[in-house]
Amino acid sequence: MTKDSNDEFLEVYDEQESIHNKEEDVAVLGMLDALDFNKQIQVDDFVDGKFNFRKLMQFLGPGFLVSIAYIDPGNFDTDINAGGSFKYQLLWILLLATVMGCVVQFLASKLGLVTKKDLAQHCHECYSKPVHITLWLMAEIAVIASDIPEVLGTAYALYLLIGMPIPVGVVVTALDTLLFLFLQYLSIRILEVIIAILLGIISLCFFAEMFWSKPDYLEIAAGFVPFWGFGEHKADYISAGIGLVGAVIMPHNLFLHSALVQSRKIGKSDAAIKEAMIYNAVESGLALGVSFLINMAVVCTAAALFFYDPTVGLFEASDLLKQILGGFAPYLFAIALLASGQSSTITGTYAGQFIMEGFLDIKIAQWKRNMITRGIAILPSLAVAIWASTDTMDGIIKWSQVLLSIQLPFAVIPLLNLTSSYRVMGSFRNSWQLISVGWLISIFVIAANISLVVFSIVPYVGVETSLGIVLLVLLLVFSLFYMGFLIYLSRLDIDAISEKMDVEPVDANFDLEGSQSESGL
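The notes below deal with the structure included here. What you see is a predicted model; the values in this text were computed from it and never measured.

### Examining the overall build of the protein
Within the protein, the secondary structure is distributed over 22 helices and two strands. Among the 521 residues that make up the protein, the fraction classed as buried is 53%. Contacts spanning at least 24 positions in sequence make up 85% of the contacts within the protein whose residues lie at least 6 apart. Roughly 22700 Å² of accessible area belongs to the protein as shown, and the carbon and sulfur atoms make up 67% of that amount.

Have a look at this one:
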């Protein structure tokens, strides 16, 4: 063999070896992607119009994954503060917030079931680039804001249980969250079962704490009377109530729920989709009902033990429980906090990967998305854990709940617009009654946000100091931009925009001129 022919042979061999290696890489990634939750769970395909418990069990899962965000460490911090400051007087607001959560979660599941796309994907398709990039940034901020109390709460629980330093606990939390998420490659059902177990642990711990604290059950019943005790400390009452609303309804949950409902394989007929909507509504209602009872247990425990102490929060509760109840009480609290923080970081990372892929239309392996999402979200939490004291952490958690409340309309308004669009939803678009309820919730949340920002920032604003003047100007500018963008967003015509951007209508017989006469659900 000549030198030239030998070189040619080596070149061909190297090229074939390279192709073989690439094929192996593609095969490995293909195996991983084939094992993830996109391999849908088959639901019984018969539709007889009767409620079936077996079929409900097949739909059981997505709502409980979503409900974890309603009972994360940030919620517990707000619940403890509400009970310590106003005893049982804010229970009616907690109930109202949970009911509003049921409505918006129903809209999110409806969008995913009808269109087979999640909220982030629709925002990418139906809004102009500047708008959907802005919405993406707001969603990422919401993920980070929710992640901070979740990660810090988990790390603090590890500190209480085994003495692990909080910064180390943050890193451990990030790593074990990724391990849990890799279970989705086997089956989404495994992840749902793990979350259900963690939810059960949280429930048992906090119900035990509540009964141990011996709350006044007559006062608990009175707490569901609207505006009970509103006459005293009005500003603090409103601020704490709005904080509960912001802590309960999470913006990233809407993106997550619209994606998770697609893990069930349902029929394509209108009857099958209607039935799936009913079962998902029941399943979500059950899940959020459990989350409400857990939040109520935390508020009642705080009311029975910590009233009146408006400074009490997540990081003081364990010491106070030890002083008042002693025994195993602080360990129960730590176990519940660990289960809550771990489960909510899993679902938060899950939501982050759907947000990134949907808004940016990125097609990469799911394990890479998990790594990127976890990396983005964990850095702020790690910075807080390293440089902040536990007293400062409580304040940061409270501000993260304010930030989440501010972000909520950037998810709710697009969700309302999309589910009310005939081009997007076809005959399943929102009825006028549901549209009215949805906008009432949106207006309430926006008004609550403005009030919350005012109550939170006003103490630092004034014309007496240069810093106060700067903060006043920034507050005015922010308020103008915030309200201006939300008004612009609410007035956008999704049907007209999606037609202009050549988005395929869900209904093949769609007619923009005649669509207004169609009735929705």
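### Some remarks on helix α4 (residues 73–86)
Residues lying three or four places apart along an α-helix face the same way, a consequence of the helix completing one turn every 3.6 residues. For α4, which comprises 14 residues, the first-to-last C-alpha distance of 20 Å matches the rise-based estimate of 20 Å (1.5 Å per residue) to within 8%. The buried count for α4 comes to 14 of 14 residues, which makes it a mostly enclosed element. One or two positions beyond α4, positive phi appears at K87, with a value near 55 degrees.

### Quick notes on helix α14 (residues 314–324)
Within the sequence span of α14, burial applies to L314, F315, A317, S318 and L321. One side of α14 holds all its buried residues, which, seen down the axis, span an arc of 170 degrees. If you follow the buried residues of α14, they end up packed against α4, α7 (129–162), α9 (188–213), α13 (270–306), α15 (329–360) and α17 (390–407). At the C-terminal side of α14, G326 shows a positive phi close to 65 degrees.

### Description of the nonpolar core
The tendency in soluble globular proteins is for nonpolar side chains to be buried side by side. If you look at the biggest cluster of nonpolar residues, it comprises 139 residues, and the most contacted ones within it are F76, I80, L135, F206 and F359. Counting residues per element, this core draws most heavily on α13, which supplies 17 residues. Those residues in contact with I80 that lie beyond four places of it in its chain are V298, A302, F306, V312, G313, L314, A317 and F333. Grouped together as the second largest cluster of nonpolar side chains are five residues, A142, A145, M250 and L404 included.

Cut-offs applied
Residues numbered from 1 in each chain as written. Predicted model: local features only at pLDDT ≥ 70, side-chain atom pairs only at ≥ 80, totals over all residues. Heavy atoms only, no water. Helix = DSSP H or I, 4+ residues; strand = E, 2+ residues; numbered from the N terminus. Buried < 20%, exposed > 50% of the residue type's maximum accessible area, 1.4 Å probe, protein only. Contact = heavy atoms within 4.5 Å. Areas by Shrake-Rupley, 256 points an atom, 1.4 Å probe, with all protein chains shown as cover. Expected span 1.5 Å × (residues − 1). Arc of directions from axis to C-beta. Core = buried A, V, L, I, M, F, W, Y, C linked by side-chain atoms within 4.5 Å.

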